[in-house]
Amino acid sequence: MKKYLILVLLMLVTATASSYIYAEKAPDPTGATTGTSADVTAATAGKPTLDEVAAQAGHNKVAINMVWVLVTGFIVMFMQFGFAAVEGGMTRAKNASHTFAMNFLIYPLGMIGFFICGFAFMFGGVGTLGTLGGYDGLNQEFTINIAGHAFGLIGTKGFFLSGVYDVSVFALFLFQMVFMDTTATIPTGSMAERWKYSSFFIYGILVGSIIYPIYGNWVWGGGWLSQLGNMFGLGHGHVDFAGSSVVHLTGGVLAFIGAKMLGPRLGKYNKDGSANAIPGHNIPLAILGAFVLAFCWFSFNAGSSLAGGDLRISIAAVNTMIASATGALASTLYMWFFKTKKPDPTMMINGLLAGLVAITAPCAFVSVGSAALIGLISGILVIEAAFFVELKLKIDDPVGAVAVHGVNGAFGCIALGLFADGTYGDGLNGIKGGVTGLFYGDGGQLIAQTIGVVSNIIYVSIIGWVVFKLIDLAVGNRVSAEDELRGLDIPEMGVEAYSGVKMDKNSETPLSR
């Protein structure tokens, strides 16, 4: 017993002595004393040299940018839910599984195509990744020389992400992949309710591997459109901060070509050419999806700085917010007082989205007043474009994808060429000085923006038509009339969205007169 008492006493003495030798660090509830020289990586702990402090500062700067790129990329990925909700809500109940399944599977399909070769085609020759550590291994661009100028057409390095095993490349891949997926999902709205799933499946791989990356290379990968300033003195070349042309116009043109080739849904048009309304089955779901998209758009636009330390992100974010608000307000009032005499909720949604699409290219280059004006114009433009596409061109677009993404994607690029105020963009695409539009003294920027828009429409129209035509020859693009009337959930997907709910599916399709 005495031995045990002595042992306990020794343990108490040892513990007491240790508490004096190894004093606890005081709690820091404010964070004011957390993070000291001891946290700087150094050969001698707690005593870093000037070089070691500088190295740590550089590492921290890149780390901030890396986290910014990854986190904003994660949030942009959630836009897939927003698009699924908007498209699913604006289409009919009998096709809900089919519509949502397209919005779901486009994510892995497009990703695989982008992983195989899309990323290499788009960024294989982009050069140094300045904000992410300076890696310069993406340095192979296929070019053609015309009149002494090198026109970059396509990257040739990074297939399957091989040969570029670097943290900055992988961060860039993740961020750019979710942008590609936004383009890929836009046609699922315009082609909804009659697109054969096997055709969609093939398209999903091709859009990520070939269609999207080539134009993307011309603008964001160091290709010829980005070099219009260096080659011909046209501003900073074609500038698109976050994707009005690269993402939205590309998707909008594909949506136009695809919907045109598919033809309208059964019962959409009468013999005299007049159109019948085919209402969506869940407008509240579509509104919820629009809110999700509006939230994710902050990351879409501000995240495109690729630098958390670039404080211009606050300008980009606020401009994004204001343009979405004025776009929604303009479309609501325009429908209410000049079109249908009702504040159509579907047009509220499309006005909000139109403002977001239009501000995507110029968000970092314009003042907040210009952003508000851009949103106002886009809110009216989307309505007139939607009516024109439906009533004049006789193209059936169930969700208004062509008007939202195509028309306002083009407008957003032109708006940059008009309203860029010259306060940001020094050094962009190798040009000194800020990006400046026509109203602030540089008409060359507007020309570059126009060339980029026209090039997109020509290229995407041609490759889109070729791709859809080849797919049509292989598996067919459109479902049978019988399946379309029944609804695509069972014939195409094998499962109904609303099992146990009795629906009058025929009544969902209007009778043409």
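Predicted, not measured: the structure shown is a model, and the values here were computed from it. (Residues numbered from 1 in each chain as written. Predicted model: local features only at pLDDT ≥ 70, side-chain atom pairs only at ≥ 80, totals over all residues. Heavy atoms only, no water.)

**Quick notes on the pattern of salt bridges**
Under the convention used in this document: The salt bridge definition used is simple: a Lys or Arg side-chain nitrogen within 4 Å of an Asp or Glu carboxyl oxygen. Secondary structure elements are defined from DSSP: runs of H or I of at least 4 residues count as helices, runs of E of at least 2 residues count as strands, and each element is numbered from the N terminus. Each residue gets one of three labels from its accessible area relative to the maximum for its type: buried under 20%, exposed over 50%, partly exposed in between, using a 1.4 Å probe on protein chains only.
Taken as a whole and assessed by the stated rule, the structure comprises seven salt bridges. Of the charged contacts, one joins Lys339 and Glu384 as a salt bridge, the two residues approaching to 3.3 Å between their closest N and O atoms. Of this pair, Lys339 sits in helix H11 (residues 313-339) while Glu384 sits in helix H13 (residues 368-392), and the two are 45 residues apart along the sequence. Classification of Lys339 by relative accessible area gives partly exposed; the value is 32%. Take Glu384: its relative accessible area is 32%, and that puts it in the partly exposed class. Taken together, the shared-partner salt bridges connect Arg92, Glu193, Arg265 and Asp396 into one network.

**Side note on unusual backbone geometry**
A positive phi angle, close to 65 degrees, is found at Lys341, a residue other than glycine. Topologically, Lys341 is positioned in the loop between H11 and helix H12 (345-360). Judged by relative accessible area, which is 53%, Lys341 ranks as exposed.

**Digging into the pairing of strand S1 (residues 141-146)**
Heads up, the rule is: Here the rule is simple: two strands pair whenever DSSP picks up at least two bridges between them.
Taken together, the six bridges between S1 and strand S2 (residues 149-155) define a ladder with antiparallel strand orientation. The partner of Asn145 across the bridge, within S2, is Ala150. Taken together, S1 and the strand that follows it, S2, pair antiparallel across an intervening segment of two residues, in which Ala147 is found at a positive phi of about 50 degrees.

**Comments concerning the nonpolar core**
The line we're drawing: By nonpolar core is meant a set of buried Ala, Val, Leu, Ile, Met, Phe, Trp, Tyr and Cys residues that side-chain atoms within 4.5 Å join together. Any pair of residues with heavy atoms lying within 4.5 Å of one another is described as a contacting pair.
By size, the foremost hydrophobic cluster in this structure holds 125 residues, and its most contacted members are Phe119, Phe179, Tyr203, Tyr212, Trp220 and Phe365. Sequence-distant contacts of Phe119, that is, excluding residues within four places in its chain, are made with Phe114, Gly124, Leu138, Gly158, Leu161, Val169, Leu172 and Phe173.

**Remarks on the packing of aromatic side chains**
Put simply, the rule reads: Working definition: rings of Phe, Tyr and Trp (its six-membered ring) pair if their centres are within 6.5 Å, and the pair is stacked with planes under 30 degrees apart, edge-to-face with planes over 60 apart, and tilted otherwise.
Tallied over the full model, the rule gives 29 aromatic pairs. With a centroid separation of 5.7 Å and 55 degrees between ring planes, the pair formed by Trp218 and Trp224 is classed as tilted. Trp224 carries the same exposure label as Trp218, and that label is buried. Ring centres of Phe365 and Tyr424 lie 5.6 Å apart, and the angle between their planes is 45 degrees; this geometry places the pair in the tilted category. Within this pair, whereas Phe365 is found in the loop between H12 and H13, its partner Tyr424 is found in the loop between helix H14 (401-419) and helix H15 (443-474), the two being separated by 59 residues in sequence. Across the pair, Tyr424 and Phe365 agree in class, each one buried. Grouping aromatic residues by their ring pairs yields a cluster made of Phe114, Phe115, Phe119, Phe123, Phe160 and Phe173.

**Re the environment of Gly229**
Mapped onto the secondary structure, Gly229 falls in helix H8 (residues 228-232). Separated by 56 residues in sequence, Gly229 and Leu285 have C-alpha atoms that sit 45 Å apart. Once residues within four sequence positions are removed from consideration, Gly229 is found in contact with Leu234, Gly235, His236, Gly237 and Ile431.

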